[in-house]
Amino acid sequence: MFILEEKHLNEAKKIAEANRKKKSCDNCYDRGYVGYTPENLLVLCHKCVDIDKAVEDWKNYVSQFPELKEHFEDLFKENEEETQSEN
Ligand SMILES: [Zn+2]
């Protein structure tokens, strides 16, 4: 099973925190995430994190690493479909 490496997880935490919209949040205690998935991915806090922007940042980060991009290919596919339907 895919498990996100610690170095990538640390980057995900930075992204979560950078995309928080509120200063103080009692849902995630100002971390921007509320827990982890079995794959070691962050569960973002929906109360204070701009999820769309966080996902966008995460995609930018992931695209630097072929092995991550492969795992998160759904994120990229979705975007392509949206672009196509707009045209
Ligand atoms: Zn929060």
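Residues numbered from 1 in each chain as written. Predicted model: local features only at pLDDT ≥ 70, side-chain atom pairs only at ≥ 80, totals over all residues. Heavy atoms only, no water.

### Observations concerning the side chain of Asn40
No. 1: For Asn40, the position within the fold is in the loop between strand 1 (33–36) and strand 2 (42–44).
No. 2: Within the structure, the side chain of Asn40 is placed 2.9 Å from the backbone oxygen of Leu4, a separation counted as a polar contact.
No. 3: Once residues within four sequence positions are removed from consideration, Asn40 is found in contact with Ile3, Leu4, Glu6 and Leu9. (Helix = DSSP H or I, 4+ residues; strand = E, 2+ residues; numbered from the N terminus. Polar contact = N/O pair within 3.5 Å; in protein donor to acceptor, adjacent residues only side chain to side chain. Contact = heavy atoms within 4.5 Å.)

### Overview of the pattern of salt bridges
No. 1: Here the structure, examined in full by the defined rule, presents 3 salt bridges.
No. 2: Across the pair Lys14 and Glu11 runs a salt bridge, and its minimum N-O distance is 3.5 Å. Note that Lys14 and Glu11 are positioned in helix 1 (residues 6–18) at a spacing of 3 residues, about one turn of the helix.
No. 3: Note that Asp30 is salt-bridged to Arg20, the shortest N-O span being 3.4 Å. Placement of the pair is Asp30 in the loop between helix 1 and strand 1 and Arg20 in the loop between helix 1 and strand 1, with a sequence separation of 10 residues.
No. 4: We classify Asp30 as partly exposed; its relative accessible area is 33%. (Salt bridge = Lys/Arg side-chain N within 4 Å of Asp/Glu carboxyl O. Buried < 20%, exposed > 50% of the residue type's maximum accessible area, 1.4 Å probe, protein only.)

### Here we look at the coordination of the zinc ion
No. 1: Only Cys25 (SG), Cys28 (SG), Cys45 (SG) and Cys48 (SG) from the protein coordinate the zinc ion, and they sit 2.2 to 2.3 Å from it.
No. 2: Coordination geometry of the zinc ion: the 4 donor atoms subtend angles of 101 to 113° at the metal centre, consistent with an arrangement described as tetrahedral.
No. 3: Taken in chain order, the donor set of the zinc ion reads C-x2-C-x16-C-x2-C. Judged on exposure class, the residue Cys45 and its partner Cys48 are both buried. (Donors = N, O, S within 2.8 Å, 3.2 Å for Na, K, Ca; no water. Tetrahedral: all angles 85-135°; square planar, octahedral: opposite > 155°, others 65-115°.)

### A look at helix 1
No. 1: The end-to-end C-alpha distance of helix 1 is 18 Å, a good match for the 18 Å that 13 residues give at a rise of 1.5 Å each.
No. 2: Taken residue by residue, helix 1 has His8, Leu9, Ala12, Ile15 and Ala16 as its buried positions. Viewed along the axis of helix 1, the buried residues span an arc of 115°, placing them on a single side of the element. Every exposed residue of helix 1 that faces more than 90 degrees away from the buried side is listed here: Glu6, Lys7, Lys14, Glu17 and Ala18.
No. 3: Buried positions along helix 1 lie against strand 1, strand 2, helix 2 (51–62) and helix 3 (66–71). (Expected span 1.5 Å × (residues − 1). Arc of directions from axis to C-beta.)

### As for a negative patch on the surface
No. 1: Residues Glu5, Glu67, Glu70, Glu73 and Asp74 make up a contiguous surface patch of negative charge.
No. 2: Mapped onto the negative patch, the elements with two or more residues apiece are helix 3 and helix 4 (73–86).
No. 3: Position of Glu73 among the secondary structure elements: in helix 4.
No. 4: For Glu73, a relative accessible area of 39% translates into the label partly exposed. (Patch = residues over 30% accessible without salt bridge, like charges linked within 9 Å, V, L, I, M, F, W, Y side chains within 5 Å. Areas by Shrake-Rupley, 256 points an atom, 1.4 Å probe, with all protein chains shown as cover. Lys, Arg positive; Asp, Glu negative; His and termini not counted. Charge placed at Lys NZ, Arg CZ, Asp CG, Glu CD.)

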